[in-house]
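# Coordinates in review
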Amino acid sequence: MITLDTEQSGLMRPPRAIHPEGFEFGHSTGKPFDKETQTAVVKAALEQLEIKQEPGQIHTKQFPSY
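The sections below set out a description of the structure shown in this document. Values in this document were obtained by computation on a predicted structure and should not be read as measured data. (Residues numbered from 1 in each chain as written. Predicted model: local features only at pLDDT ≥ 70, side-chain atom pairs only at ≥ 80, totals over all residues. Heavy atoms only, no water.)

### Describing the side chain of Thr37
Using the following cut-off: Numbering goes from the N terminus for both helices and strands, where a helix is a DSSP run of H or I of at least four residues and a strand is a run of E of at least two. Three labels apply to residues, based on accessible area from a 1.4 Å probe with only protein chains included: buried if under 20% of the type maximum, exposed if over 50%, partly exposed otherwise in between. In protein, a polar contact requires one atom able to donate a hydrogen and another able to accept it; more generally it is a pair of N or O atoms within 3.5 Å, and residues adjacent in sequence count only if both atoms are side-chain atoms. By definition in these notes, contact holds between two residues if any of their heavy atoms fall within 4.5 Å.
For Thr37, the position within the fold is in helix H2 (residues 35–47). A relative accessible area of 0% places Thr37 in the buried class. Only 2.8 Å separates the side chain of Thr37 from the side chain of Asp34, close enough to count as a polar contact. With residues up to four places along the chain from it excluded, the contact list for Thr37 reads Phe23, Thr29, Gly30, Phe63, Ser65 and Tyr66.

As structure tokens, then:
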């Protein structure tokens with residue numbers, strides 16, 4: 001899951017989730033036409049599949065290109 005609202009998402013206890021820090025609602029993977037940031041966010045989310053985690057953990061990630 002890619003979430004911008006960690007409080008609400010935490011209540012659902014997703015098996016894996018990232019929170020792109022500082023992103024605006026509607027830009028969960030980055031600004032429109034910003035292919036570089038969008039790709040980096042999706043890759044970061046997919047990398048969570050390789051890590052064993054407890055449900056409900058939301059990992060905050062920073063993307064300086066945003």
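So much for the structure itself; the text now carries on.
### Describing unusual backbone geometry
Of note in this structure, Arg13 is not a glycine but carries a positive phi near 50°. Within the element layout of this structure, Arg13 appears in the loop between helix H1 (6–12) and strand S1 (17–20). The phi dihedral of Phe33 is positive, around 70°, even though this residue is not glycine. Inspection of the secondary structure assignment puts Phe33 in the loop between S1 and H2. On the basis of relative accessibility, which here comes to 84%, the residue Phe33 falls in the exposed class.

### Digging into the nonpolar core
Short version of the rule: Residue types Ala, Val, Leu, Ile, Met, Phe, Trp, Tyr and Cys, when buried and joined through side-chain atoms within 4.5 Å, form a set referred to as a nonpolar core.
By size, the foremost hydrophobic cluster in this structure holds six residues: Leu4, Ile18, Phe23, Val41, Ala44 and Phe63. The contacts of Val41, once residues within four sequence positions are left out, are Ile2, Ile18, Pro20, Phe23, Ser28, Thr29 and Phe63.

### Looking at the pairing of S1
Put simply, the rule reads: We treat two strands as partners when DSSP finds at least two bridges between them. Here, the term right-handed applies to a crossover whose path from the first strand over the helix to the second runs clockwise when the strands point away from the viewer.
Neither face of S1 is exposed, since Ala17 and His19 on one face and Ile18 and Pro20 on the opposite face are all buried. Across four bridges, S1 lies against strand S2 (residues 58–61) in parallel orientation. The partner of Ile18 across the bridge, within S2, is His59. Handedness of the crossover joining S1 and S2 through H2 is recorded here as left-handed.

### Description of the side chain of Gln48
Looking at the element boundaries, Gln48 is found in the loop between H2 and S2. The exposure class of Gln48 is buried, given its relative accessible area of 4%. Polar contacts involving the side chain of Gln48 include one to the side chain of Gln53, which spans 2.7 Å. Apart from residues no more than four positions distant in its own chain, Gln48 is found in contact with Arg16, Ile18, Gln53, His59 and Lys61.

### Observations regarding the environment of Phe23
Here Phe23 lies in the loop between S1 and H2. Phe23 gets classed as buried once you look at its relative accessible area, which sits at 8%. For the pair Phe23 and Gln38, spaced 15 residues apart in sequence, the C-alpha to C-alpha distance is 11 Å.

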